[in-house]
Amino acid sequence: MPYNKKHHYVPRFYLKRFSSDGRSIGLYNFANDLTVIAANLKNQCCRDYFYGKEKVVESALCDIEHYASILFSLIDHAGCLPPPGTPEHLAMILYILTQYGRTKYFADATDEMHDQIIKHVFGKKIESEIEGINLDDFIIGLKDVSQYALGMMVQTYPFLLDLAYKLLVNRTQVDFVTSDNPVVMTNQFLSFRTIGSNTGVATKGLQIFFPIAPGRVILLYDSYVYRVGGDKKIVVEIEDVRDIYNINALQACSSYENIYFREENFGVSALHRKAKSYMRTRKAGIKVFPQGNNQHRRRELLMNFMEDIRFNPNLSFIGIRKSAKKWRLSFQRSRLQPAVVVRNKRMYDDHREFLSAVKTGKYSTEDFFKFLDEKYKKN
């Protein structure tokens, strides 16, 4: 086999943490209702040249995985997550975003979004100019979409800097599971909104669940909206098995093809039944808002978004703060609502300004802190 041919979009070192012997892992495939008790770890979550035939992206991911492996070992040893503002905190955020943006699901969802917008804007023109073509027979995707999707996601890391985070420790007899799309973004707070996505990285009420072992999940969350365990506790110990089932159901809803588990007798059929009605039927959506037409042109506002998971986990250790409930009630009564409810307007504006500066060559994408220093020292 040529060197660097098989690219893993969920790394082996990570899946190995859910293996009982280091070589195999339990697998459940939703489409075929198929359970494999000891699937070969080497063959999971991989595609030939998924990140292209050049070695640059795959090599960079290998370096990131190396540091993530060290970080996970430190978390295992310390029994908690790194303190805010430390290099380890930033590394944790970067790895979570990298894992979210590098999967086959995210690449395919990005292609689906691109396909929808191009067909809507140019579809009639293309079909009128090319006789006999039916665009429904084609997917208009992006070249090197996996690289594009990953790069797009990683540059959003500043938006997660204001999120609180805790380590969820499983004290029950039922394991956490993982999947081929393991980083789950959800939003219990804005689940009533169905106009588009409520899980953008800058959105108010965002929650991110990332299982890192059968006994541990990293949870990032908007602390102005949610109370998670005791405010002063850095670790939340889960003793109610219903919470484990609900977190696993979130993972099942997030999965693309497979979920992975350690226990030989894990109840995958029960998990499938719990998640089935909430499974996404599409990866992306488009909303069209007419803005008035004239005889020369059609004016529309388009909203293109990735489809959210609609399962509300109802976890016993997560509550919504009174102030947030009051805000939400007032917001629900508003006649006009924004397409995106931004969590931190200042950070959002700073990031837009930063990206503009990156495009001019003044900064590189990893210079956000330098940008902030220089911007606010001037003020």
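Scroll up to find the structure.
Residues numbered from 1 in each chain as written. Predicted model: local features only at pLDDT ≥ 70, side-chain atom pairs only at ≥ 80, totals over all residues. Heavy atoms only, no water.

**Things to note about helix H9 (residues 345-359)**
Inclusion rule: Only DSSP runs of H or I covering at least 4 residues are called helices, and only runs of E covering at least 2 are called strands; the numbering of each starts at the N terminus. One less than the number of residues in a helix, times 1.5 Å, gives the span that helix is expected to have. Throughout, exposure labels follow a simple rule: accessible area from a 1.4 Å probe, protein chains only, divided by the maximum for the residue type, with under 20% read as buried, over 50% as exposed, and the rest as partly exposed. What the arc describes is the spread of directions from the helix axis to the C-beta atoms.
With 15 residues, H9 extends 21 Å from end C-alpha to end C-alpha; this agrees with the ideal 21 Å at 1.5 Å per step. Buried within H9 are the following residues: Met347, Asp350, His351, Phe354, Ala357 and Val358. The buried residues of H9 occupy an angular sector of 120 degrees when the element is viewed end-on, so they sit on one face. In H9, the exposed positions that point more than 90 degrees away from the buried face belong to Lys345, Arg352 and Lys359.

**Quick notes on the sheet that holds strand S11 (residues 235-238)**
Under the convention used in this document: In this analysis, strands are considered paired if DSSP registers two or more bridges between them. Axis definition: a line fit to C-alpha positions, over the contact stretch in the case of helices; interaxial angles, taken between N-to-C directions, run 0 to 180 degrees. We call two residues in contact whenever any of their non-hydrogen atoms come within 4.5 Å of each other.
Ordered in space as S7-S8-S9-S5-S11, the five strands form an open sheet in which the pairing is mixed. With one partner strand each, in any of the chains shown, strand S7 (184-186) and S11 form the two edges of the open sheet. Mean inter-strand twist for the sheet, computed between neighbouring axes without regard to direction, equals 25 degrees. Here three bridges tie S7 to strand S8 (residues 207-213), and the two strands are oriented antiparallel to one another. Following the sheet pairing, Thr186 is matched in S8 by Gln207. Contacting strand S5 (164-170), S8 and strand S9 (216-221), helix H2 (residues 56-78) runs over the sheet at an angle of about 85 degrees to S8. Its contacts with the sheet place helix H6 (residues 241-254) against S5, S7, S8, S9 and S11, and it is angled at close to 105 degrees to S7.

**Structural notes on the sheet that holds strand S2 (residues 24-29)**
The four strands lie next to each other as S3-S2-S12-S6, forming an open sheet whose pairing is antiparallel. At either margin of the open sheet sits one strand with a lone partner, and together these are strand S3 (34-40) and strand S6 (178-179). Pairing geometry for S2 and S3, over five bridges, is antiparallel. Its bridge partner lying in S3, Tyr28 is registered against Thr35.

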